[in-house]
Amino acid sequence: MSQTATRSNERRLTIARAMAEAIAQEMRVDPRVFVMGEDIGPLGGVFGNTRGLIEEFGKERVRDTPISETGFIGAAVGAASDGMRPIVELMFVDFFGVCMDAIYNLMAKNTYFSGGNVKVPLVLMTSTGGGYSDAGQHSQCLYGTFAHLPGMKVVAPSNAYDAKGMMTAAIRDENPVIFMYHKGLQGMGWLGTEPGATVNVPEESYVVPFGKASVVREGTDVTIVGLAMGVHNALKAADALAKKGISAEVIDLRTLVPLDRDTVFKSVKKTGRLIVVDEDYRSYGVSGEIITSVAERDVSVLKATPQRVTYPDVPIPFSRPMEQFCLPNPDKIVAAFEHMTGA
């Protein structure tokens, strides 16, 4: 088959459409699955993740809620504990502050508190990321905040194929899962989107297993590790480095809990150099955890001091120039490599 024919047969979906398709497919085969959240009904979700669901499944299984995150997340915990499989949307991850008791003291801990007798198969999907001037209460990532707290699985897809497979896996999982989707990857026209996130997605149902990172580009001179938008920044940086004769390997973590430390270490053992890209805050986060995981296992594999390209420890500015100044980007990754090597 020719390359042109192959491309014409592709189903290229945005992450938003891939998430909605995965949810619909699971709702068709499992009557325990239902969705709750603000504007997830007729609107189809602010970011498109539930588009078309209410038309097929009705208001009983696709429930628009009042603006009360504590109320509807608490209700979802109760439903999951009673045998249902709810998917609940926290519209912006920044809103976790008003409902953290329901998330961490209930959702994450009840299985442990019950000695394993009460399962909480709940998917909490929430948007992350900035870049569009929505300031400090609608633009954070907070990956490290949730990954730091035991009892929940934490996933963050970078493309539509992974988003569909990981959503399917999340709905079927017996544990609570935080599904963190980056707004800049969703494919929403009003937000703009990263073209690389829209990829071929099979129509049939499938699972992308948790805890397995993906080597999305092979290389020999430096390992660049990222997740969500960070993967696309890393790939662009790898292109720029290639023009200078530098071969960069790019790893998409895909999940933070469980974390695939083995794939990262294997890559760094090969390249000897490590750069971690994270749109979350610099301190106490994912970037430090990845670097420490390598150093603890065998610091001798490192030929140079690891670098991290992250968001600085400041509230996210409303001003577009100031926000763009703070965000990770490909140029900063290239500069980190040059600093590492003294180039």
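Residues numbered from 1 in each chain as written. Predicted model: local features only at pLDDT ≥ 70, side-chain atom pairs only at ≥ 80, totals over all residues. Heavy atoms only, no water.

## Thoughts on the overall build of the protein
Summing up its helical and strand segments, the protein has 13 helices and 14 strands in all. Taken over C-alpha atoms, the radius of gyration comes to 20 Å for the protein, in line with the 20 Å a tight globule of 343 residues would show. Over its C-alpha atoms, taken along the principal directions, the protein stretches across nearly 60 × 50 × 40 Å. Looking at the protein as a whole, 56% of its 343 residues are labelled buried. The long-range share in the protein, meaning contacts at least 24 apart out of those at least 6 apart in sequence, stands at 80%. Split by element, the accessible area of the protein, about 14,500 Å² in all, is 54% carbon and sulfur. Here the protein holds 34 positive side-chain charges and 39 negative ones, and the gap between their average locations is 5 Å. (Helix = DSSP H or I, 4+ residues; strand = E, 2+ residues; numbered from the N terminus. Rg over C-alpha atoms; globule rule 2.2 N^0.38 Å. Buried < 20%, exposed > 50% of the residue type's maximum accessible area, 1.4 Å probe, protein only. Contact = heavy atoms within 4.5 Å. Areas by Shrake-Rupley, 256 points an atom, 1.4 Å probe, with all protein chains shown as cover. Lys, Arg positive; Asp, Glu negative; His and termini not counted. Charge placed at Lys NZ, Arg CZ, Asp CG, Glu CD.)

## Some details on the pairing of strand β2 (residues 33-37)
Burial runs high along β2: five of the five residues are buried. Neither face of β2 is exposed, since Val33, Val35 and Gly37 on one face and Phe34 and Met36 on the opposite face are all buried. By the bridge criterion, five bridges tie β2 to strand β4 (residues 85-92) in an arrangement that is parallel. The residue of β4 that forms the bridge with Gly37 is Glu89. One ladder, built from three bridges, connects β2 with strand β3 (residues 62-64); its direction is parallel. If you follow Gly37 over to β3, its bridge partner there is Asp64. (Pairing = 2+ DSSP bridges.)

## A short note on the nonpolar core
In summary, soluble globular proteins display a tendency toward joint burial of nonpolar side chains. Formed by 92 residues in total, the largest nonpolar core has its most connected members in Ile103, Phe146 and Phe179. Ranked by residue count, the leading element in this core is helix α2 (residues 15-29), at eight residues. Beyond its immediate stretch of four places on either side in the chain, Phe179 contacts Met19, Val123, Leu124, Met125, Thr126, Val155, Pro157, Ala163, Met166 and Met167. Counting residues in each nonpolar core, the second largest holds 18 residues, with Leu241, Val309, Ile333 and Phe337 among its members. (Core = buried A, V, L, I, M, F, W, Y, C linked by side-chain atoms within 4.5 Å.)

## Overview of the sheet that holds strand β5 (residues 123-128)
Pairing is mixed across the open sheet formed by seven strands, whose spatial order is β3-β2-β4-β5-β7-β6-β12. Each edge of the sheet is formed by a strand with only one pairing partner; in this case those strands are β3 and β12 (255-257). Strand-to-strand twist of the sheet, defined as the mean angle between neighbouring strand axes without regard to direction, takes the value 20°. One ladder, built from six bridges, connects β5 with strand β7 (residues 177-182); its direction is parallel. Paired with Met125 across the strands is Phe179, a residue of β7. Set on the sheet, α2 makes contact with β2, β3, β4, β5 and β7; between it and β2 the angle comes to about 135°. (Axes fitted to C-alpha atoms, helices over the stretch in contact; angles between N-to-C directions.)

## A word on the pairing of β7
Strand residues, when the strand is regular, have side chains that alternate between the two faces of the sheet. Taken across its six residues, β7 has six buried, putting it largely inside the fold. Burial along β7 is two-sided: the residues Val177, Phe179 and Tyr181 and Ile178, Met180 and His182 are all buried. In the sheet, strand β6 (residues 153-155) pairs with β7 via three bridges, with the strands oriented parallel. Each residue of the ladder has a partner; that of Lys153, found in β7, is Val177. With helix α8 (residues 160-172) bridging β6 and its parallel neighbour β7, the resulting β-α-β unit is right-handed. (Right-handed = clockwise from strand over helix to strand, strands pointing away.)

## Overview of the pattern of salt bridges
Under the counting rule described, the total for this entry stands at 16 salt bridges. A salt bridge links Arg261 to Glu289, with the shortest nitrogen-to-oxygen separation between them at 2.6 Å. Taken together, the residues Arg261 in helix α10 (residues 261-271) and Glu289 in helix α11 (residues 286-298) connect sequence positions 28 residues apart. Three or more residues joined by partner-sharing salt bridges are found here, namely Arg11, Glu21 and Lys164. (Salt bridge = Lys/Arg side-chain N within 4 Å of Asp/Glu carboxyl O.)

## Observations regarding the environment of Leu253
Inspection of the secondary structure assignment puts Leu253 in the loop between β11 (248-252) and β12. Residue Leu253 is classed as buried on the basis of its relative accessible area of 1%. Along the backbone, Leu253 and Ala76 are 177 residues apart, and their C-alpha atoms lie at a distance of 28 Å. Residues contacting Leu253, with those up to four places away along its chain left out, are Lys212, Ala213, Val225, Gly226, Leu227, Leu259, Val264, Val286 and Ile290.

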